[in-house]
Amino acid sequence: MMIYFTLNGDLVEWEADPSDTLLSVLRRHGMFGVKSGGCAKGECGACAVLLDKKPVNSCTLLAAQVTGHQVETIEAMGEHPEQGWKKTSGLHPIQQALVESGAIQCGYCTPAFALAARALIEKNQDPTEAEVRTAISGILCRCTGYLKPVQAILRAAAVMRGETVPPIMGTPETETQGWSVSMPPVGTLPESGLGLAETTSQTRVMPKIWTSQDAGERPRTQIGRPEVKVDAVKLVQGKPAFSADIEKRGMLVAKVLHSPLAHARIKSIDLSDARALPGVAAVLCYKDIPRVIYSTAGQSDPIPGPLDAFSLDRKVRFVGDRVAFVAAETAEIAEQALRLIKVEYEELPAILDSRESMLPGAVRIHDESEYVDFADSNPAKNVAAEIRIDIGDIEKGFAEADRIYEEEYTVPKVQQAHIEPHVVVTYWDEDDRLVIRTSTQVPFHARRILAPVLGLPVKRIRVIKPRIGGGFGGKQEVLIEDVAAHLTIATSRPVIYETSREEEFIAARSRHPMRVRMKTGVKLDGTITANAMYALSDTGAYGCHALTVTGNTGHKAMALYVGAGPYRLAPNIRFYADVVYTNTPPAGAFRGYGVPQGFWPLERQIEHIARDLGMDSIDFRMKNALRSGELHPFSTAWSEGREPRPEIVHTVGLEECVRQAKAAIGWDQKYPDIEWHVVPGKPHLRRGIGVATVMQGTAIPYLDMGGASIKMNDDGSFNLLVGATDLGTGSDTVLAQMAAEVLGVPVDDILVYSSDTDFTPFDKGAYASSTTYISGAAVVRAAEMAAERIKLRAARLINKLAAGPEVSEEDILLANKQASTRDGRFVTLEEIALNTLHHDDQEQIMGTGSYYSPVSPPPFAAQFAEVTVDVETGKVVVDRLVMAVDSGVIVNPITASGQIEGGLTQALGYAVCEEMVYDEKGRARETDLDDYHIFRADEMPALETIFVQTYEPSHPFGVKAVAEIPMDGVAPAVGNAILDACGAELLEIPATPERIWRALKKVTP
Amino acid sequence: MIKAYYRPKDLAEALEILSRTNGEYRPLGGGVTLSQMSAQTISVVDLQSLGLNSLTQEGQFLQIGATTTLASLANLDYIQPGLKSAIRLEANNNLRQQATVAGTLVSTGGRSTFGTVMLALDALLHWLPVDQEQGLGEWFTLRQAPSKALLINKVQIPLNVSLAFDTIGRTPDDLPVICAAVAKWPSGRARVTLGGFGAAPILALDAPESGGAEAAVRDALSRATDSWASAEYRQEAGARLVLRLMGQLQPV
């Protein structure tokens, strides 16, 4: 059928099938700014367009419905202001504000935000914050926490009204041992009352920055500046930057048949009807491809975990496991083919509760002969990994304690829920090399891991990582690349495989759920004498990241409190864990990587002990917490299955974090004030305030390596090639800032490209909070190598062209795109570039660098929460979150605070609403983003970020990690706030109304 | 799978297409539900050109055209705040621009806030071509249109009713694990409805006056256990909500 409508002002007449959604038709015609979140009910809004000036979801609209209407997409909203000789009107003010305000992280939902904002402001030029939040509430963002998009839209509205908005800020003028002058005014506190949280955002977007003397005495030109993200302009225009935004002639669509059973052998499988269906190009089952065992975990070689997976197997181990692959001309035909595959299963007993995995007589989930053990894995007992770490003498510590506290805590399985689903495109290039264009955090690991699976040498595989629409660890997995690759090998044609939102829930990865037992010995003065944790961790059907995630649970959380007095020097800590298989979807990497699972029990336990001892819980924490100059207690005991080496922790800004966050949230005024805890006129409501202190790591020592190369262009600009993968975090920008700092140029002159296994140097990928620290150090080395040559050539040029005393390269400074001497003579970088490339003694000025670290300097943070609890129903509303974080020197305060705000929001979901539940047959309760609720813009608490800058001496610019630590303390801070509000002792998250209500019933009046 | 799309220009044409027997024909409102890929082969009849999106106040009643969007209904100044709140929680802002009142009511499940409130208001569905009214409660119970009915052309709710609504979820915007609506007519008639579980919202009380509401709620929720909450919890929380809502009702 034909459809007719006005698209971005032009009448169009297109062919469409009655089943076509508007989304599919728009993308087919190149409107790649309209994104797919894979959802079936319009939950995510990434596909939003304006229909007759109103935001609607193009995935829940038939294309035929828009005949006679006006449709607007991001493609017509604005464009790059500089396009050679062509004059353009530039970006729309809303796009400009989104760019400048740091409102863009992965950028996948950005076009939808821009359109929704436009619809709002065209109707209402002076919207309130609540109206902005309502206007964008149909669009889910997993990266930003919505604060910066809201601020950007408020800024845009002000600009469009002709008002002056506060500047975003240049370089913060730091005051040593004090606040930067960039500190914005403090927002007003929210009004509690169990309604929607009334947040007060501002059009100023800079976070508070407190700077220690160490960090403040090294002034920089680029480090510390709120530079615009290097990819922001492209993303705000909805350019075809993501994996699926590509057209290949003859491209097939892949679909996967998933197991309906939790545990079964395939007795027979008949593909004949599916293969006979017109339009089907290939149908593959386990009989059709080589049987190669591997691990899907995207980690360095050797994989620190068991090899226990096949692309396709004769056995299925969870509901959602793979049974067959189909490639067809269209998605509809592929779906139809799936329904024609006949499978006869022999159902096996299933283990759905991790407490049953190791019981005698339990069914064995991995009985394949090819299974390859790692360390203490034992498939005969359904054990994927076993961890036994003893530091000091735990029994002696307990014997010396005045009191011993024991409790068991539970943390749930949760989903990364990146808005861009997993997506991959594969094709043979003209050299018969397999190209894999994929949304991955680990392009180099993917190439290495896939090679044996596909029967290709590494050198015949090229992995291209375009922009990533969020990953959060979910794409630190070689999850779907093999599906498309096998089908390309089978058909010799390009194949695209995009997972649906349901597949994300039933067949992708998740955070390991754990049951954690704590046992803590303390003296009456608050000295911890011994602290033990046992974690029963559920890895699901496969052991990807089993050892390392769970190891981190102890390695980070249990390292924070070493004890006081003599125990500080010789702490007694035990961390034991069993990581077991069950017949549930596999767990894997998820931002925080095991650490949030550790801090829920630890910080709830600490709060309980402090209260029982009658101590101020913050004093109790600080008395026992790790301090600067002390040995990381786990560094001599465990290193992910490799040899541990001692590490001194040089920078600990935790006490300052506590001081700053306490002041920001008004702890001293609220916590002791009985009146503050009641809500006038609402006797069923109680307010509470809670705290958690946390630490993370920064990269994996002696393992994580990043590489960078940099070359100078004719105009004095530089190409920076990095293997590091920016998954929306802003790492490309931060790396560009580091290169710019060394080379004395603006960030605009650093053109970042990442990543492509053919062109960019190796990098382990985006995980373990390592990119700024590891890849950044590699960039600095590469830039320094280039700078050395620039200085040498500059000295030669100055000596040749300018009168004055002879200079050498040691006399040259690089700044403002110039190479200068102290007496004021200079040549521009463009002159140097032209000279070296074309004029004299020609050479390509370039540098390479790589870096791995002998240490993993931990960031520290204090996280506070305010809640209101309905003590009759258990309903809780989180009103406010404040986080002060010591992440070393902050390279870009806007992108870094965006990381904090987004992390706080994900962690808030972990605290109160996110959970994956299975029925007695192992079938998922959550298969969409309605049941699996993630926070929307119009229900957010107030968020506040404070940076406490220390100077980490192991990095050239003093940085530590920032991206993962926000995940760690929100849940326990919320749990502690609930305790403060009403006395309910929660042992399990999420803190659902019924769990709180049940805990309240146990409170003695 | 949708094999054919029709956009009739008037009701007669729509009814003619929907009455065809050579396959399955379904009325298409906003498209939120029917646009999704399905194994079933159907034809859809888009109602957008029929002028069924009007909002008309007739005496003490509001006549809501079937294809009125949730956003349009929520934007009315004079509807009860509880109804606005329920609409806001029913669908996100984008979907509210698309989803129609009738389409939402006929496809909704037990966790529907909108359905719960409309049930409390004793909404009436008007079916064509039979020209017959059906209570929303009957629709929820039977999920069956009156005999020979093909489509809803309007939904009627009273405006002279005091309404209070509240919900409990994990977050302010979350689907409810329990929600309750209380409506009270000038005559004293009271209706109490509950949602957050099951296949459809349920009516706990419809009586000349509101006495016994707490007992009715506890009774109605006595078996309301699912993976989201226990009946024990829902009984307690539901009773608390309803008692509070009773106190919030404004005189009509």
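Residues numbered from 1 in each chain as written. Chains lettered and ligands numbered in written order. Predicted model: local features only at pLDDT ≥ 70, side-chain atom pairs only at ≥ 80, totals over all residues.

Colleague: Can you explain the overall build of chain A? Please cite residues and give values.
Modeller: On a plain count of helices and strands, chain A comes out with 25 helices and 37 strands. In terms of overall dimensions, chain A has C-alpha extents of about 80 × 80 × 60 Å along its principal axes. Expressed as a percentage of its 1005 residues, the buried residues of chain A come to 64%. Partitioning the intrachain contacts of chain A with sequence separation of at least 6 by distance along the chain shows that 80% fall at a separation of at least 24. (Helix = DSSP H or I, 4+ residues; strand = E, 2+ residues; numbered from the N terminus. Buried ≥ 20, exposed ≤ 12 C-beta atoms within 10 Å, placed from the backbone. Contact = placed C-beta atoms within 7 Å.)

Colleague: Before we move on, can you summarise unusual backbone geometry with the specific residues and values?
Modeller: A cis amide bond links Ser754(A) to the next residue, Ser755(A), at an omega of -10°. Residue position: Ser755(A) is located in the loop between β30 (750–753) and α21 (771–801). In this structure, the amide linkage connecting Leu128(B) to the following residue, Pro129(B), adopts the cis form with an omega of 0°. Structurally, Pro129(B) is set in the loop between β6 (124–128) and β7 (132–135). Residue Ala417(A) is not a glycine yet carries a positive backbone phi of 55°. With respect to the helices and strands, the residue Ala417(A) is situated in the loop between β17 (403–411) and β18 (423–428). C-beta crowding within 10 Å serves as the criterion here: with 27 such atoms nearby, Ala417(A) is assigned to the buried category.

Colleague: An account of the domain arrangement of chain B is needed here, citing residue identities and associated values.
Modeller: Residues and elements named next belong to chain B. Domain boundaries in chain B define domain 1 (2–44), domain 2 (55–158) and domain 3 (162–248). Just the C-alpha atoms count here: the centres of domain 2 and domain 3 sit 19 Å apart. Of the residues lining the interface, 20 residues belong to domain 2; the matching set on domain 3 comes to 22 residues. Going through the elements one at a time, α3 (81–90), α6 (113–120) and α7 (136–142) are the ones with two or more residues in the side of domain 2 that touches domain 3. With six residues, α6 is the single largest residue contributor to the side of domain 2 that touches domain 3. (Domains from an automatic or database assignment.)

Colleague: Which residues make up the domain arrangement of chain A, and what values go with them?
Modeller: When the parts come together, some accessible area is lost, and that loss is often what is quoted as the size of the interface. When its domains are assigned, chain A resolves into domain 1 (2–76), domain 2 (252–356 + 416–507), domain 3 (392–414 + 512–642), domain 4 (651–698 + 856–895 + 944–1005) and domain 5 (705–852). When grouped by side-chain class, the residues that make up the side of domain 2 of chain A that touches domain 3 of chain A number twelve nonpolar, ten polar and five charged. (Nonpolar A, V, L, I, M, F, W, Y, C, P; charged D, E, K, R; others polar.)

Colleague: Explain the environment of Glu16(B) residue by residue, including any values.
Modeller: In this structure, Glu16(B) sits in helix α1 (residues 11–18). As a C-alpha pair, Glu16(B) and Arg218(B) span 202 residues in sequence and 47 Å in three-dimensional space.

Colleague: How would you summarise the interface of chain B and chain A if you had to cite specific residues and measurements?
Modeller: Contact with chain B, which involves 33 residues of that partner, is made by 44 residues of chain A. Secondary structure elements with two or more residues in the side of chain B that touches chain A: β1 (2–6), α4 (93–98) and α9 (231–248) of chain B. Among the residues forming the side of chain B that touches chain A, the class breakdown is 15 nonpolar, twelve polar and six charged.

Colleague: Describe the packing of helix α8 (residues 213–220) of chain B against α9(B), with residues and values.
Modeller: Residues and elements named next belong to chain B. Interaxial distance between α8 and α9 falls to 9 Å at its minimum, and their mutual angle equals 150°. Taken together, the axes of α8 and α9 are roughly antiparallel relative to one another. Crossing geometry of α8 relative to α9 is assigned as right-handed. In this structure, α8 contributes Ala213, Glu214, Val217 and Arg218 to the contact, and α9 contributes Gln235, Gly238, Ala239, Val242, Leu243 and Met246. Looking at the contact of α8 with α9 residue by residue, the classes come out as six nonpolar, two polar and two charged. (Axes fitted to C-alpha atoms, helices over the stretch in contact; angles between N-to-C directions. Parallel < 35°, antiparallel > 145°, perpendicular 65-115°, else oblique. Left-handed = near helix turned anticlockwise from the far one by under 90°.)

Colleague: Tell me about the pairing of strand β15 (residues 342–347) of chain A, and please be specific about residues and values.
Modeller: Residue and element names in this part refer to chain A. Of all six residues that make up β15, zero are buried, and the element is exposed over most of its length. Where strand β11 (residues 264–270) lies against β15, six bridges are found, and the strand directions are antiparallel. Along β15, the bridge assignment pairs Ile269 with Val343. (Pairing = 2+ DSSP bridges.)

Colleague: Could you give an account of helix α14 (residues 546–557) of chain A, with specific residues and numbers?
Modeller: All names here are of chain A. If you check α14, its first and last C-alpha atoms are 17 Å apart, about what twelve residues at 1.5 Å a residue would give, namely 16 Å. Within α14, twelve of the twelve residues are buried, which leaves it mostly tucked inside the rest of the structure. By the burial criterion, the buried members of α14 are Ala546, Leu547, Thr548, Val549, Thr550, Gly551, Asn552, Thr553, Gly554, His555, Lys556 and Ala557. (Expected span 1.5 Å × (residues − 1).)

Colleague: Run through the confidence of the model for chain A, naming residues and quoting values.
Modeller: Residue and element names in this part refer to chain A. Residues with a pLDDT of 70 or more make up 97% of chain A, whose mean pLDDT is 95. Low pLDDT (under 50) marks residues 170–176, which in the prediction has 20 contacts with non-local residues, meaning those over four places away or in another chain. Every residue in residues 181–193 scores below 50 in pLDDT, and together they form 30 contacts with partners more than four places removed in sequence or on other chains. (pLDDT = per-residue confidence, 0-100.)

Colleague: Break down the pairing of strand β14 (residues 322–328) of chain A for me, citing the residues and quoting the values.
Modeller: Residues and elements named next belong to chain A. Burial within β14 is extensive, with seven of its seven residues counted as buried. With six bridges joining them, strand β10 (residues 252–258) and β14 adopt antiparallel strand pairing. Bridge pairing in β14 links His258 to Arg322. Two elements, strand β12 (residues 280–284) and β14, share four bridges in a ladder whose sense is antiparallel. Note that in β14 the partner of Val280 across the bridge is Ala328.

Colleague: Can you tell me about the nonpolar core, naming the residues and giving the values?
Modeller: Residue and element names in this part refer to chain A. Membership of the largest hydrophobic core comes to 416 residues, with the highest contact counts inside it found for Ala254, Leu720, Ala739, Val974 and Ile978. In terms of residue count, the dominant contributor to this core is α21 (15 residues). Beyond its immediate chain neighbours, meaning those up to four positions away, Val974 contacts Gly690, Ala865, Val867, Val878, Ala911, Val912 and Ala991. (Core = buried A, V, L, I, M, F, W, Y, C linked by C-beta atoms within 7 Å.)

Colleague: Requested: an account of the sheet that holds strand β23 (residues 528–540) of chain A, with residues and values cited.
Modeller: Residues and elements named next belong to chain A. The sheet built from five strands is open, its strands ordered β16-β24-β23-β22-β17 with mixed pairing. At either margin of the open sheet sits one strand with a lone partner, and together these are β16 (383–391) and β17. Here the strands of the sheet are splayed against their neighbours by 10° on average, with no regard to which way each runs. As paired elements, strand β22 (residues 514–522) and β23 share nine bridges and run antiparallel to each other. Its bridge partner being in β23, Arg517 is matched across the sheet by Tyr534. Of the strands in this sheet, β17, β22 and β23 touch helix α16 (residues 595–613), which is tilted by about 145° from β17.

Colleague: Requested: an account of the sheet that holds strand β3 (residues 42–46) of chain B, with residues and values cited.
Modeller: Residue and element names in this part refer to chain B. Taking strand neighbours across the sheet as the criterion, the three strands line up as β1-β3-β2 in an open arrangement whose pairing is parallel. Here the strands that pair on one side only, and so sit at the sheet edges, are β1 and β2 (25–28). This sheet shows a mean twist of 25° between the axes of neighbouring strands, independent of strand direction. By the bridge criterion, four bridges tie β1 to β3 in an arrangement that is parallel. Looking across to β3, one finds that Tyr6 is bridged to Val45.

Colleague: Outline the environment of Phe310(A), supporting the account with residue identities and numerical values.
Modeller: All names here are of chain A. Following the sequence through the fold, Phe310 ends up in the loop between β12 and β13 (315–316). The exposure class assigned to Phe310 is buried, which follows from the 20 C-beta atoms found within 10 Å. Taking the C-alpha atoms as reference, Phe310 lies 29 Å from Ala699; in sequence the two are 389 residues apart. Apart from residues lying up to four places away in sequence, Phe310 is in contact with Arg291, Val292 and Ile293.

Colleague: Outline the packing of helix α11 (residues 443–454) of chain A against helix α12 (residues 481–491) of chain A, listing residues and values.
Modeller: All names here are of chain A. Where α11 contacts α12, the axes come no closer than 11 Å and their chain directions differ by 45°. One way to sum up the angle between α11 and α12 is to call them oblique. Considering how the two elements wind past one another, α11 and α12 form a crossing that is right-handed. Within the contact between the two elements, α11 uses Ala446, Leu450, Val453 and Leu454 and α12 uses Glu481, Asp482, Ala485 and Ile489. Within the contact of α11 with α12, the residues separate by chemical class into six nonpolar, no polar and two charged.

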